[in-house]
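# Descriptive structure summary
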Amino acid sequence: MRNPVAGAELASQEAIASTGSAVREPSFAASPSRGPVSAPGVRAERRESPAGRARTVALLSLLVAVGSVLSLFESLLPRPLPWAKPGLANLVTLVALDRLGFAMASMVALGRVLVAALLTGSLANLPFAFSVAGAVLALLVMGAVERWASPPFGVVGISLFGAVAHACGQLIVAWALLVRSQAVLALVPSFGLTAAAAGLVVGVAASILREPLHKLTPPLLTS
């Protein structure tokens, strides 16, 4: 004769086993429709393919080279002051900011200033200080406008802000290293007009180059 207590225990164990088999651990495996799913709290990484990285490096090198040539071209233009530059080389900074992001644009801006200074022999001289100040301030202002005020400002508007910042950077260096007086303020109107013209030219050129560069290389992926 079967023990009633043993039968009850066996039935209870079978019920627990059947209930446990119905409960499954959450799975994070990839599905054909949704792709790989990461675990909660784990941030998915987005990486460039090797071909994408190669295109990015090629574009970065090209922009530094073009920016260096534009810097040399600026030094040949007639200017109200020998150290003043209109900022046409900011074109490559604006393009890098639009296509590659702020970090890469910083490398382009500083790289083209350094290469141009090495080619002209002005490294660590006064013209180098003007170039660095104008390039860095233009980069910071264009990056801020592109991040927090675009829209309403487009490429031309960002370029105009960058051109004004470039002129202000040079005036700040002139006041700090050359003329510590209010006489520097007399240069503001001429610098303002030059900056507006250069910013307009750079903005229009960047707008024209935007579509061909979009086809050449996609925007840089960030995690």
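This text gives an overview of the structure that appears in the document. (Residues numbered from 1 in each chain as written. Predicted model: local features only at pLDDT ≥ 70, side-chain atom pairs only at ≥ 80, totals over all residues. Heavy atoms only, no water.)

Moving on, we come to the overall build of the protein. What the protein contains, in helices and strands, is 7 helices and 0 strands. For the protein, the N- to C-terminal ordering of α and β elements is α-α-α-α-α-α-α. Burial analysis of the protein (223 residues in total) assigns 33% to the buried set. Of all intrachain contacts in the protein linking residues separated by at least 6 positions in sequence, the fraction that spans at least 24 positions is 70%. (Helix = DSSP H or I, 4+ residues; strand = E, 2+ residues; numbered from the N terminus. Buried < 20%, exposed > 50% of the residue type's maximum accessible area, 1.4 Å probe, protein only. Contact = heavy atoms within 4.5 Å.)

Here the focus is a nonpolar patch on the surface. Taken together, Phe 102, Leu 110, Val 136 and Leu 140 make up a surface patch of nonpolar side chains, about 330 Å² in accessible area. Among the elements of the structure, α4 (102–120) and α5 (126–148) are those that each provide at least two residues to the nonpolar patch. By the element assignment, Val 136 lies in helix α5. Residue classification places Val 136 among the partly exposed positions, given a relative accessible area of 31%. (Patch = residues over 30% accessible without salt bridge, like charges linked within 9 Å, V, L, I, M, F, W, Y side chains within 5 Å. Areas by Shrake-Rupley, 256 points an atom, 1.4 Å probe, with all protein chains shown as cover. Salt bridge = Lys/Arg side-chain N within 4 Å of Asp/Glu carboxyl O.)

Secondary-structure assignment places Ser 68 in helix α2 (residues 50–76). Taking C-alpha positions, Ser 68 is 4.8 Å from Arg 112, a pair spaced 44 residues apart along the chain. Ignoring anything within four residues of it in the chain, the contact list for Ser 68 reads Arg 112, Val 115 and Ala 116.

Before going further, it helps to spend a moment on unusual backbone geometry. Between Ser 150 and Pro 151 the backbone carries a cis peptide bond, its omega angle lying at -5°. Along the polypeptide, Pro 151 turns up in the loop between α5 and α6 (155–177). Cis geometry marks the peptide bond from Pro 151 to Pro 152; its omega dihedral reads 15°. Relative to the assigned elements, Pro 152 resides in the loop between α5 and α6.

Counting through the fold element by element, Leu 72 comes out in helix α2. Leu 72 gets classed as partly exposed once you look at its relative accessible area, which sits at 27%. For Leu 72 and Ala 116, which are 44 residues apart along the polypeptide, the C-alpha to C-alpha distance reads 6.6 Å.

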